[in-house]
Amino acid sequence: MNGDRPLVAVLDYGIGNLRSAQKALERVGADARLTADPGLIADAAGVVLPGVGHFGTCMDQLRATALEQPALDAIESGRPFLGICVGMQMLFEASEEAPGVPGMGVMPGTVRLLPDGVVRPQMQWNRLDVQRPACPLLAGLTDGAWMYFVHSYAPDTDDGFVVATCDYPTPITAVTERGRLWATQFHPEKSGDAGKRLAQNFLAAVRADQCRR
Amino acid sequence: MKTVRVIPCLDVDDGRVVKGVSFVGLRDAGDPVELAAAYDRQGADEIVFLDITASAHDRDTIIELARHTAEEVFIPFTIGGGIRSVDDARALLRAGADKVSVNSAAVARPELVREIAREFGTQCVVVSVDAKSNGAGADGSTTWNVYVKGGREDTGIDALGWVRQVAELGAGEILLTSMDADGTKVGFDLELTRTVVDAVEIPVVASGGVGTLQHLVDGALIANADAVLAASIFHFGEHTIADAKRALLDAGVAVRPHVD
C-alpha cells in the first residue's frame, strides 16, 4: 500500500456526477479510484460513498451493482468512511423520499423531507453550526465554514451523532459521526476551499488509521 | 438562512468563450476552464456554461469541457445548450457537470424533464426559460410567453403555466431569462422574476439585463430571486464577483462572503 497517496475507493454505482468527488480527493493527495471492484474496495484505506438524486434510485443502484455489502464490510472494519449527500442519507434506516425502500441502516434514524415553507431543494451555500468541534473531519472548519448544499431531505437522528447542522431556518443535520463513519449532507467536493479542507481532514484520518493498523 | 448565489455565465462556441472577455492575468481569455477557475477564485457560487452552437459534432467538445472543468473548478457548474436526450445529460453528468440545463428540447417534449429527473434526480435538472412580455392584458395584468431560438420564436406558451408544469415534471431549478431585458443593461425584469418566484417552490435564477451591481441587489431584494446571473459586467472586468458580494451584503442580502 502506498503510504504517500493512500488508496481511497469512491464507490461507482452508476449514478450522476461521481467524478467530482474523486477529483477532490486526488487534489488533496489521495490515490482516489472510482470503482465497483469489491477487491479494490476491500484493499482501500478509506471509502467514499457519494450520491446525488433520488434515495430510492440510489439504493436500487447500489444493490444492483452489488456494492452494498462491500460498503457495509468497509464500515464494519472501522476504516474511515465518508458518505456524501444521498450517500449520507443511504446510511440511515429509511427515507420519506422512498417509503418501503430500506436504507443501509448503519446509522439510526429516518431521512425526512425539509419542513414546509422553505424553498426545496435547498440549493445554496450555507454555514455550518458546529456542535462537536472535536470531530476530526471538521478540524479548522469550526468557525462557520460555508458549504454547498443541494437536497430536499435530511436525516433525523439522535443528537449524539450530529456533529454539525445548518440553519434553514430550523437546524438541519449537516454532518454526522459514528466512530470513523462520517457523513455530510453538503458536497465537500463542490464547496471550494472549505470543502478542500474537509477532504484533507478525511485523508488525514485515513493516514492515521493506516498507522494504527 | 437563505443565501443568494452569484453566478457568472459563459457563452461557449466550439469549446471557446464567445463574448469578449477582458480579465487581467489570464493566459488565455478564451479558455472557458481558465475563466471558470478565475471566477471560482473570485468567490463565484456557481458557474453556468451555455453552449451556443450545440451542433452534433460539438457534443464531444462540450463533454471535454465538463471533464476539464471538473478537474480545475471545485464549485458547482451547469452546462446548457443542445441537450436533447437522457443520453446527452448522462454524458455531461458523468464527465463531472453538476447540472444540465434544458430549454427548447423541453419545450418540444416536456417529458424530457421528467426523464432526466427520474434518472439522475431533480437537483441536476435546470429548465432554462426565455420569457418575453405580451404587455398588459384587458385586466391590466402582464403576461409573458415562452420564446425559443434565442428569443426569435414565440411558442405561444404562457410562461407562468410553463414554469409550473416543469416544476411538476421534476425541474430542480428555473433559469429565467427576460428576452426584453437581455442585453439591455437596464436590469432584470423584476415583475416577471417576482411572479415566477411566487409561482413555484423550486429555486429561481434571475437572468438578463444586468448592467450594474444595484441590478443584482434588486433581483435579490425586490424580485426575491434565489440566485442572480450575469455575464458582461463580470467578463469585461467592470466588477469582480467580490464587488457583487460586497454590494449584496451592504444591502442586507445574505450571501457567502468572499474570502481573500
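Residues numbered from 1 in each chain as written. Chains lettered and ligands numbered in written order. Predicted model: local features only at pLDDT ≥ 70, side-chain atom pairs only at ≥ 80, totals over all residues. Heavy atoms only, no water.

J.: Would you mind going over unusual backbone geometry with me for this structure?
T.: In terms of backbone geometry, most residues other than glycine have negative phi values and most peptide bonds are trans. Residues and elements named next belong to chain A. The amide bond that connects Arg120 to the next residue, Pro121, takes the cis arrangement and shows omega of 0°. If you trace the backbone, Pro121 turns up in the loop between strand S6 (110-113) and strand S7 (122-127). A cis amide bond links Tyr168 to the next residue, Pro169, at an omega of -25°. Note that Pro169 resides in the loop between strand S11 (162-167) and strand S12 (171-178). (Helix = DSSP H or I, 4+ residues; strand = E, 2+ residues; numbered from the N terminus.)

J.: Looking at this structure, I do not really get the layout of surface pockets. What am I missing?
T.: Where empty space is left becomes clear once a probe the size of a water molecule has been rolled over the atoms. Residues and elements named next belong to chain B. Of the voids in this model, the largest pocket is the one considered here, and its volume is about 1000 Å³. Together, 38 residues line the largest pocket, and Asp11, Leu50, Ile52, Asp130 and Gly150 are the ones closest to its centre. Elements represented by at least two residues in the lining of the largest pocket include exactly strand S1 (5-13), strand S3 (47-51), strand S5 (99-102), helix H4 (104-108), strand S6 (125-136), strand S9 (173-178) and strand S11 (227-230). In terms of residue class, the lining of the largest pocket is made up of 14 nonpolar, 15 polar and 9 charged. (1 Å grid on protein atoms, 1.4 Å probe; cavity = no way out; pocket = protein on both sides within 12 Å on 5 of 7 lines; lining within 4 Å. Points joined across faces, edges and corners; volume = space filled by probe spheres on them. Nonpolar A, V, L, I, M, F, W, Y, C, P; charged D, E, K, R; others polar.)

J.: In this structure, what is going on with the pattern of salt bridges? I would like to understand it.
T.: A side chain of one charge can pair with a side chain of the opposite charge when the charged atoms of the two come close. Inspection of the entire model under this criterion finds 31 salt bridges over all chains. Its salt-bridge partner being B:Glu115, residue B:Arg109 comes within 2.9 Å of it at the nearest N-O pair. Look at B:Arg109 and you get partly exposed, because its relative accessible area is 39%. Salt bridges sharing partners connect three or more residues here, namely A:Arg19, A:Lys23, A:Glu26 and B:Glu71. (Salt bridge = Lys/Arg side-chain N within 4 Å of Asp/Glu carboxyl O. Buried < 20%, exposed > 50% of the residue type's maximum accessible area, 1.4 Å probe, protein only.)

J.: Would you mind showing me how to read the pairing of S5(B) here?
T.: On a regular strand, one side chain projects to one face of the sheet and the next to the other, so that they alternate. Residue and element names in this part refer to chain B. Neither face of S5 is exposed, since Lys99 and Ser101 on one face and Val100 and Val102 on the opposite face are all buried. Of the strand pairs in this sheet, strand S4 (residues 77-80) and S5 are connected by 3 bridges, and their pairing is parallel. Of the residues in S5, the one forming a bridge with Ile79 is Val100. Regarding the hand of the β-α-β motif, the stretch spanning S4, helix H3 (residues 86-95) and S5 is right-handed. Direction of pairing for S5 relative to S6: parallel, over a ladder of 3 bridges. Each residue of the ladder has a partner; that of Val100, found in S6, is Val125. (Pairing = 2+ DSSP bridges. Right-handed = clockwise from strand over helix to strand, strands pointing away.)

J.: I would appreciate a short explanation of the sheet that holds strand S3 (residues 46-49) of chain A in the present structure.
T.: Across a sheet, strands are paired by hydrogen bonds formed along the backbone, either parallel or antiparallel in direction. Residue and element names in this part refer to chain A. Across the sheet, 8 strands lie side by side as S2-S1-S3-S4-S13-S12-S11-S8; this open sheet has mixed pairing. At either margin of the open sheet sits one strand with a lone partner, and together these are strand S2 (31-35) and strand S8 (129-130). The strands that helix H4 (residues 68-77) touches are strand S1 (7-11), S3, strand S4 (81-84) and strand S13 (181-184); relative to S4, the one it contacts most, it runs at about 130°. (Contact = heavy atoms within 4.5 Å. Axes fitted to C-alpha atoms, helices over the stretch in contact; angles between N-to-C directions.)

J.: Looking at this structure, how should I read empty space enclosed by the protein?
T.: The final tally for this structure, using the stated rule, is 4 cavities of 30 Å³ or more. Roughly 170 Å³ of internal volume is contained in the largest cavity. In terms of lining residues, the largest cavity is bounded by 16 residues, among which A:Val52, A:Val150, A:His187, B:Asp98 and B:Gln123 are the most central. Residue composition of the lining of the largest cavity, grouped by class: 8 nonpolar, 4 polar and 4 charged.

J.: It is not clear to me how the pairing of S3(B) should be interpreted in this structure. Could you clarify?
T.: All names here are of chain B. With 4 of 5 residues buried, S3 lies mostly within the body of the structure. Direction of pairing for S1 relative to S3: parallel, over a ladder of 4 bridges. Within the sheet, the bridge partner assigned to Val12 lies in S3 and is Asp51. Bridge count between S3 and S4: 4 bridges; the pairing is parallel. By the bridge assignment, Ile47 is partnered in S4 with Phe77.

J.: What's the story with the packing of aromatic side chains in this structure? I'm lost.
T.: Two measures describe an aromatic ring pair: the distance that separates the ring centres and the angle between the ring planes. Taken as a whole and judged by the stated rule, the model has 5 aromatic pairs over all chains. Seen in terms of ring centroids, A:Phe149 and A:Phe186 are 5.4 Å apart; in terms of plane orientation they differ by 65°. Their pairing is edge-to-face. Separated by 37 residues along the polypeptide, A:Phe149 in strand S9 (residues 146-151) and A:Phe186 in the loop between S13 and helix H6 (192-212) bring together distant segments of the chain. Here A:Phe149 matches A:Phe186 in class, with each residue buried. Ring centres of A:Trp182 and A:Phe202 lie 6.3 Å apart, and the angle between their planes is 85°; this geometry places the pair in the edge-to-face category. With A:Trp182 in strand S13 and A:Phe202 in helix H6, this residue pair connects regions lying 20 residues apart in the sequence. What makes A:Phe202 buried here is its relative accessible area of 0%. A cation over a ring is seen here: B:Arg256 above A:Trp125, with NZ or CZ 3.5 Å from the ring centre. (Phe/Tyr/Trp six-rings, centres within 6.5 Å; stacked < 30°, edge-to-face > 60°. Lys NZ or Arg CZ within 6 Å of the ring centre and 35° of its normal.)

Interpretation in functional terms is not warranted from these geometric data alone.
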